[in-house]
Amino acid sequence: MSGPTRRGFLAGTAALGGAALLGNAEAPSPKSVPGPVAITPNDARYEDLVLRRTSERFFPRPDSFRLPTTTEQVVRTVNDATRAGKRVTVRSGGHCYENFVGDGAEVIIDLSAMREVTFDRRRDAFMIEPGATLWEVFERLYLGWGVTIPGGQCGGVAAGGHVQGGGYGPLSRRFGSVVDYLHAVEVVVVDRSGRARVVVATRERGDENRDLWWAHTGGGGGNFGVVIRYWMRTAGATGNDPTSLLPKPPASTLSATVGWSWRDVTEQSFYRLLRNYGEWHERNSGVDSPYASLFSPMLITRRDTGADPGAFAMVPALDGTLPNADQLLRDHIAEVTDGVPGTITIEPPHRLPWLAGVRAGSLSQADESGMFKAKAAYLRKRFTDEQIKTAYTYLTSTDHDNERALLLLVSYGGKVNTVASDATALPQRDSIMKAIYTVTWTDPNSEQANLDWIRRWYRAMYQDTGGVPVPNDVNDGSYINYPDVDITDPKWNKSGVPWHALYYKENYRKLQQVKARWDPRDVFHHAMSIKPSR
């Protein structure tokens, strides 16, 4: 098989106690605070800001971009926009799968200049600004204090949206979700009179603003206000030694890459592979599993219709310091590939220091960009036999000639599933995998054909539940950081289950109450935003 690399496959896929410090503070007078520069269409920098996003399907063209560097500048920008009746939206990394930031926006607050990562002695917690990318967060936390958060592989994703949606990554099976470490959040909100102000909300039980903290533990971006700072700290941690207040990642990572040429894959071997992979996760996703540190994404690219049908791979990695790490990795690969002919070792087992391993697996902004459509779902069990058959049919079909499509299966569960479904806004707390479906193209004229194709594939995967992953024994809805506006459309969602029940489940009612309290004018909204309760 011609040499697909691990990075090549990854590139195909594509974050002071209990009182509210400023919760009741008056916003600074707009005249006393210099606003951020308004970058308008006649400014040479405007087009660069238009292009500073991941999905090349969308071109945000507001009246102006604002790039604040302080909380006060954000307050002034929101006040000015609200008084002028202009629609204001917010972005940090620009990685939203849908056009939530650009759609109808007149003022876009771009938080990319706010990217500090430091330890805050006032709160004995790590402070992360929303513009900091995950790679910056990992590097600064680890090199500075030897700690980390269990965030994602896409290094160009910024903390702003990643954390609000819940946040997960290669260390989540061992350490849980990112929001399980969220200690406090600073947000610029707009009250019923239209006045912007700053609120700090913490997870402390006595905090009168705790509901706002809770809403940012999986409620999704663009719903409640502008997040200025996150403070991260392990729940229940004591003392003020920074090195003990967040998890320590393993000193090294042991990983490998195995793959399959589509030339050698039959429907029977494909079925065996996906069944093995799913059943392995059913057996090994408990918090006490010796495989708690293992993260083993499987990246199945669509079979090419040309002379070379291409290949796909699985990239397992785990804590390289475990005394039996090598045997665990060998056993995992053996169990997943049992009875699957044509398995090839692309990259043999090897160790890297933890941060070097993060860098090797991290996607840059350039890697992630393109015209694409993505859909997703949680899995409580392996795919059913019918779903595996459907996946094979669409991944090998010749009725549509797209440039790249991918089924990405991602390890999940473990420590994530030890948290109650209502303890955070992130409700999916008993899943073992995530499934992400993507299609990518370069010709703008082929957009509709590609959208139609992936919509049909997704509908077929969930045909027993109305075309969407309605929670049942196998499915558990979807992840709000992978939003899909099709789920709001009865043409594609015939389940009779509203979109928000798939993402938020029973937590949606409380999120509506939080929305009504903190954004009663619905200033911050988009196509899948939370609607305030009335």
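Residues numbered from 1 in each chain as written. Predicted model: local features only at pLDDT ≥ 70, side-chain atom pairs only at ≥ 80, totals over all residues. Heavy atoms only, no water.

- Under the annotation held in an unreviewed UniProt entry, the protein chain carries the name FAD-binding oxidoreductase and is attributed to Actinophytocola gossypii.
- The protein chain has a UniProt comment under Sequence similarities (unreviewed entry) that states "Belongs to the oxygen-dependent FAD-linked oxidoreductase family."
- Recorded in UniProt under Cofactor (unreviewed entry), the annotation for the protein chain is "FAD". (UniProt positions renumbered as here; feature names shortened; annotations may be inferred.)

## Considerations on the overall build of the protein chain
Alright, step 1. Summing up its helical and strand segments, the protein chain has 15 helices and 17 strands in all.
Alright, step 2. Relative to the compact-globule value of 24 Å for 534 residues, the protein chain shows a C-alpha radius of gyration of 23 Å, a close match.
Alright, step 3. Put simply, the protein chain has 534 residues, and 61% of those count as buried.
Alright, step 4. About 19,700 Å² of surface is accessible on the protein chain, with carbon and sulfur atoms providing 50% of the total.
Alright, step 5. Computed over 62 positive and 60 negative side-chain charges, the inter-centroid distance for the protein chain is 3 Å. (Helix = DSSP H or I, 4+ residues; strand = E, 2+ residues; numbered from the N terminus. Rg over C-alpha atoms; globule rule 2.2 N^0.38 Å. Buried < 20%, exposed > 50% of the residue type's maximum accessible area, 1.4 Å probe, protein only. Areas by Shrake-Rupley, 256 points an atom, 1.4 Å probe, with all protein chains shown as cover. Lys, Arg positive; Asp, Glu negative; His and termini not counted. Charge placed at Lys NZ, Arg CZ, Asp CG, Glu CD.)

## What to know about the environment of Ala435
Alright, step 1. Turning to its location among the elements, Ala435 is positioned in strand E17 (residues 433-441).
Alright, step 2. In this structure the C-alpha to C-alpha distance between Ala435 and Leu379, which are 56 residues apart in sequence, comes to 7.2 Å.
Alright, step 3. Those residues in contact with Ala435, other than ones at most four positions away along the chain, are Lys375, Ala376, Ala377, Leu379, Phe383, Leu408 and Leu409. (Contact = heavy atoms within 4.5 Å.)

## Quick notes on the sheet that holds strand E4 (residues 107-110)
Alright, step 1. Across the sheet, four strands lie side by side as E1-E2-E4-E3; this open sheet has mixed pairing. Of all strands in the sheet, those with a lone pairing partner are strand E1 (38-39) and strand E3 (88-91), marking the two edges.
Alright, step 2. In terms of strand pairing, E1 meets strand E2 (residues 64-66) through two bridges, oriented antiparallel. Bridge assignment links Ala38 to a residue of E2, and that residue is Arg66.
Alright, step 3. This element, helix H3 (residues 71-83), spans E2, E3 and E4 of the sheet and lies at about 170 degrees to E4. (Pairing = 2+ DSSP bridges. Axes fitted to C-alpha atoms, helices over the stretch in contact; angles between N-to-C directions.)

## Structural notes on the environment of His162
Alright, step 1. Inspection of the secondary structure puts His162 in helix H5 (residues 159-164).
Alright, step 2. On the accessibility criterion, His162 (8% relative accessible area) is buried.
Alright, step 3. Taking C-alpha positions, His162 is 9.8 Å from Cys96, a pair spaced 66 residues apart along the chain.

## Overview of the UniProt feature "domain: FAD-binding PCMH-type" (unreviewed entry) in the protein chain
Alright, step 1. In this numbering, the UniProt entry assigns the feature "domain: FAD-binding PCMH-type" (unreviewed entry) to residues 58-237.
Alright, step 2. End C-alpha to end C-alpha, residues 58-237 measures 43 Å, and it is 23% helix and 23% strand.

## Here's the deal with the pairing of E4
Alright, step 1. Because side chains alternate across E4, one face comprises the buried residues Val107 and Ile109, and the other comprises Ile108 and Asp110, equally buried.
Alright, step 2. As paired elements, E2 and E4 share three bridges and run parallel to each other. Of the residues in E4, the one forming a bridge with Arg66 is Ile109.
Alright, step 3. Sheet analysis places E3 next to E4, joined by four bridges and oriented parallel. If you follow Val88 over to E4, its bridge partner there is Val107.

## Some thoughts on the environment of Ile228
Alright, step 1. Positionally, Ile228 belongs in strand E9 (residues 226-232).
Alright, step 2. For Ile228, a relative accessible area of 0% corresponds to the buried category.
Alright, step 3. Expressed as a C-alpha distance, the spacing of Ile228 and Gly160, which sit 68 residues apart in the sequence, is 8.3 Å.
Alright, step 4. Contacts of Ile228, omitting those with residues within four sequence positions, involve Thr71, Val74, Met114, Glu129, Pro130, Glu186 and Val188.

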